[in-house]
Amino acid sequence: MNDLKSPWSDKVDTTAYPRPQMYRQSYHCLDGQWNYKIQKGNLGSSADGLFDGVIRVPFSPECLLSGIDRSRLTNGFLQPDEVLIYRRSFPKHEEDKLAILHFGAVDYECKVVLNGNLVGSHIGGYTAFEWEVSEFLKDQNILEVFVVDPTDSQPISRGKQKMDHGGIWYTPTSGIWQSVWIEYVPKTYIKSLKITPNLDDKFVNIKVNTNDSSESHIVLNGKDYPTQNGVACVPIPEPHEWSPEDPYLYFFDAVCGEDKVHSYFAMRKFSMGKREDGKPCFMLNNKPYFMSGMLDQGYWSDGLYTAPSDEALIYDIQLAKECGFNTLRKHIKVEPMRWYYHCDRLGVIVWQDFINGGKDKHKAAMLLLAHIRKRVRDNHYGFYGRTDENEKQKYYKEMDEIVEQLYNCPSLALWTPFNEGWGQFDSIKVSQYLKGLDDTRLIDHASGWADHGGDIKSIHRYILNFKVPRKEKRPVALTEFGGYSLNV
């Protein structure tokens with residue numbers, strides 16, 4: 001399988017700090033060699049005997065860089081009736097502090113056990129989660145992670161993974177596919193930040209969420225700005241505007257007692273407006289701006305969902321800019337936070353898809369309707385494969401988590417809840433809910449063809465000729481129109 005190697009395969013490095021907008025010095029990476037076992041069972045299972053061997057975290061067992069490369073086997077990816085079990089040991093690094101255990105992403109559902117104690121569980125393969133685990137720590141610790149992944153055997157959010165993969169459907173990934181780390185914090189600490197720049201009124205609001213509602217302060221350019229009710233309003237009298245041509249970032253510290261977090265923001269504004277000829281268009285910093293981009297699906301030949309190194313992420317983004325693009329549409333995947341950081345600092349606008357799912361229904365009919373430009377209302381849930389009410393609620397929960405995780409990213413300009421009618425339901429209601437979570441960005445409510453009146457007119461054209469709809473009162477975006485293929 002050496003033909004699947006990338007230029008970074010032999011110099012894997014996942015030690016870069018995973019959350020650049022929440023940087024702390026007390027960072028201890030838990031990536032690397034873990035014991036693993038795959039067996040029949042569920043999240044209630046325990047390892048039935050010796051472990052199968054060693055896996056390199058954070059690479060899924062299906063990929064080359066994990067050291068296992070199960071995808072080369074027939075049905076080698078994790079099956080719906082199997083459980084993937086991880087185990088590793090690590091020492092306690094600091095005394096008299098609280099310990100926060102972080103997971104960047106685990107696909108799809110997991111249970112975490114520390115020294116025999118259930119820490120918690122998480123559903124959803126694309127979002128980060130964490131727990132304060134101080135009460136379970138010892139001088140030497142055993143950490144276990146139990147994972148199940150139905151992929152497309154159930155109507156879950158799964159992205160472009162499919163067991164019967166091929167064509168536009170890709171090899172499934174399972175288990176831990178983003179970094180695992182632990183950090184130590186004081187008894188009072190900063191849990192999260194919410195950063196909202198206001199370019200028009202020349203200030204930025206920084207909300208500091210702490211674990212005990214303690215007040216904090218922001219340090220920017222040597223000046224202190226105290227929070228009131230957790231929020232600091234920081235004036236930026238002469239804002240240096242962020243753009244792909246000039247991706248300027250402001251760096252600051254958030255301080256609460258003995259805890260300090262290093263972060264950044266940018267002064268920029270994404271909106272809709274009109275050109276001089278009266279045509280509707282996208283606006284960046286109150287000026288018409290043409291966004292030219294690629295559909296970025298984030299798969300690697302050697303790591304599948306996981307890039308082999310930070311250097312590889314940077315290369316991929318820089319190459320897009322060198323090819324003349326200023327935008328990347330992150331397609332039905334949420335990347336590690338370092339990817340967004342590099343887009344922020346290198347100057348690439350991001351259009352972010354949410355994770356689609358549902359059951360495959362009426363595929364031929366949907367393709368036909370797409371090409372003849374007809375649509376079916378998305379409250380016909382069976383047609384779109386979204387009859388499961390529980391999965392709809394999971395979709396909303398995952399939307400909450402993704403928005404909270406990516407809200408602070410300056411480069412993120414637009415959200416896409418649904419793609420090509422895939423698992424689509426109540427798209428206008430979903431968009432209104434999303435606008436309530438984040439009213440600072442645009443929404444492509446249904447990329448492709450099942451248009452019900454969102455912020456933009458979003459069109460996919462692979463076969464028929466494309467003509468700009470001249471009477472459209474919204475900005476028009478040709479959001480998919482072709483690609484290069486290599487027969488092998």
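Residues numbered from 1 in each chain as written. Predicted model: local features only at pLDDT ≥ 70, side-chain atom pairs only at ≥ 80, totals over all residues. Heavy atoms only, no water.

Caption draft 1: Expanded view of the pattern of salt bridges. One pass over the full model with this rule turns up 29 salt bridges. In this structure, Asp 81 and Lys 40 form a salt bridge, with 2.9 Å as the shortest nitrogen-oxygen distance. Of the two residues, Asp 81 is situated in the loop between β3 (53-57) and β4 (82-91) and Lys 40 in strand β2 (residues 32-40); the sequence distance between them amounts to 41 residues. Here Lys 40 falls in the exposed class, since its relative accessible area comes to 57%. Close ionic contact of Asp 451 with Arg 474 constitutes a salt bridge, the shortest N to O distance being 2.7 Å. Here Arg 474 lies in the loop between β28 (457-460) and β29 (476-480) and Asp 451 lies in the loop between β27 (442-443) and β28, a separation of 23 residues in the sequence. When sorted by exposure, Asp 451 lands in the same class as Arg 474, which is buried. What you see here is one network of salt bridges that share partners, running through Arg 19, Arg 24, Glu 130, Glu 183 and Asp 259. (Salt bridge = Lys/Arg side-chain N within 4 Å of Asp/Glu carboxyl O. Helix = DSSP H or I, 4+ residues; strand = E, 2+ residues; numbered from the N terminus. Buried < 20%, exposed > 50% of the residue type's maximum accessible area, 1.4 Å probe, protein only.)

Caption draft 2: Structural detail: the layout of surface pockets. As a volume, the second largest pocket reaches approximately 1100 Å³. At the level of elements, β5 (98-103), β9 (129-132), β13 (190-198), β14 (203-210), α1 (310-322), α2 (337-346) and α4 (389-406) are the ones that each hand at least two residues to the lining of the second largest pocket. For the lining of the second largest pocket, the residue count by class is 23 nonpolar, 13 polar and 11 charged. (1 Å grid on protein atoms, 1.4 Å probe; cavity = no way out; pocket = protein on both sides within 12 Å on 5 of 7 lines; lining within 4 Å. Points joined across faces, edges and corners; volume = space filled by probe spheres on them. Nonpolar A, V, L, I, M, F, W, Y, C, P; charged D, E, K, R; others polar.)

Caption draft 3: Geometry of the packing of aromatic side chains. Scanning the entire structure with this criterion turns up 29 aromatic pairs. Ring geometry for Tyr 17 versus Tyr 23: centroids 4.7 Å apart, planes at 65 degrees, classification edge-to-face. On the basis of relative accessibility, which here comes to 35%, the residue Tyr 23 falls in the partly exposed class. It is Arg 441 that lies over the ring of Tyr 407; its NZ or CZ is 5.6 Å from the centre. (Phe/Tyr/Trp six-rings, centres within 6.5 Å; stacked < 30°, edge-to-face > 60°. Lys NZ or Arg CZ within 6 Å of the ring centre and 35° of its normal.)

Caption draft 4: Structural detail: the sheet that holds strand β23 (residues 293-296). With respect to topology, 5 strands assemble into an open sheet ordered β23-β24-β25-β26-β27, the strand pairing being parallel. If you trace the sheet from one side to the other, it starts and ends with β23 and β27, each paired once. Against the sheet, α2 contacts β23, β24 (327-330) and β25 (349-353), and its axis sits at roughly 150 degrees relative to β25. (Pairing = 2+ DSSP bridges. Contact = heavy atoms within 4.5 Å. Axes fitted to C-alpha atoms, helices over the stretch in contact; angles between N-to-C directions.)

Caption draft 5: Representation of the environment of Ile 332. Mapped onto the elements of the fold, Ile 332 is located in the loop between β24 and α2. Using a relative accessible area of 1% as the deciding quantity, one classes Ile 332 as buried. Sequence separation between Ile 332 and Val 148 is 184 residues, and the spatial gap between their C-alpha atoms is 20 Å. Those residues in contact with Ile 332, other than ones at most four positions away along the chain, are Tyr 126, Gly 159, Lys 160, Tyr 305, Asp 353, Phe 354, Ile 355, Asn 356, Asn 419 and Trp 422.

Caption draft 6: Spatial organisation of the packing of α4 against helix α5 (residues 427-437). At their nearest, the axes of α4 and α5 sit 11 Å apart, and the two run at 30 degrees to each other. One finds that α4 runs roughly parallel with respect to α5. As for how α4 packs across α5, the hand of that crossing is right-handed. Every residue of α5 that contacts α4 at Tyr 395, Tyr 396, Met 399, Asp 400 and Val 403 is listed here: Lys 429, Val 430, Tyr 433, Leu 434 and Leu 437. Residue classes in the contact of α4 with α5 are distributed as 8 nonpolar, no polar and 2 charged. (Parallel < 35°, antiparallel > 145°, perpendicular 65-115°, else oblique. Left-handed = near helix turned anticlockwise from the far one by under 90°.)

Caption draft 7: Main features of unusual backbone geometry. Residues Val 57 and Pro 58 are joined by a peptide bond in cis, for which omega reads 15 degrees. Cis geometry is found at the peptide bond from Asp 107 to Tyr 108, where omega equals 10 degrees. Not every positive phi belongs to a glycine, and Thr 151 is a case in point at roughly 50 degrees. Positionally, Thr 151 belongs in the loop between β10 (140-148) and β11 (175-176). Given the relative accessible area of 2%, Thr 151 is considered buried. In this structure, Asn 285 takes a positive phi of about 55 degrees despite not being glycine. Looking at the secondary structure, you find Asn 285 in the loop between β21 (280-284) and β22 (287-288).

Caption draft 8: A look at the packing of α1 against α2. With their axes 10 Å apart at the nearest point, α1 and α2 run at an angle of 40 degrees to one another. Taken together, the axes of α1 and α2 are oblique relative to one another. Taken as a pair, α1 and α2 cross one another with a handedness that is right-handed. Along the contact surface, α1 presents Asp 310, Leu 313, Ile 314, Ile 317, Gln 318 and Lys 321, while α2 presents Arg 338, Trp 339, His 342, Cys 343, Arg 345 and Leu 346. Across the contact of α1 with α2, the residue classes break down as 6 nonpolar, 2 polar and 4 charged.

Caption draft 9: View of the sheet that holds strand β19 (residues 259-265). Taken together, the 4 strands give an open sheet; going across it, the order is β16-β15-β18-β19, and neighbouring strands pair in antiparallel fashion. At either margin of the open sheet sits one strand with a lone partner, and together these are β16 (223-226) and β19. Strand-to-strand twist in this sheet, taken as the mean axis angle between neighbours without regard to direction, amounts to 25 degrees. Where strand β15 (residues 217-220) and strand β18 (residues 250-256) come together, 3 bridges link them in antiparallel fashion. Within the sheet, the bridge partner assigned to His 217 lies in β18 and is Val 255.

Caption draft 10: How the structure looks around the pairing of strand β20 (residues 270-274). As judged from the 5 bridges shared by β20 and β21, these two strands associate in the antiparallel manner. Counterpart to Ser 271 in the pairing with β21 is Met 283. The hairpin turn running from β20 into β21, its antiparallel successor, is 5 residues long, and Gly 278 in that turn takes a positive phi close to 90 degrees.

Caption draft 11: Main features of α1. Compared with the 18 Å implied by 1.5 Å per residue over 13 residues, the 18 Å span of α1 between its first and last C-alpha is a close match. Of the positions making up α1, those classed as buried are Asp 310, Ala 312, Leu 313, Ile 314, Ile 317 and Ala 320. Buried residues belonging to α1 abut β23, β24 and α2. Directly after α1, the chain includes Gly 324, whose backbone phi takes a positive value near 100 degrees. (Expected span 1.5 Å × (residues − 1).)

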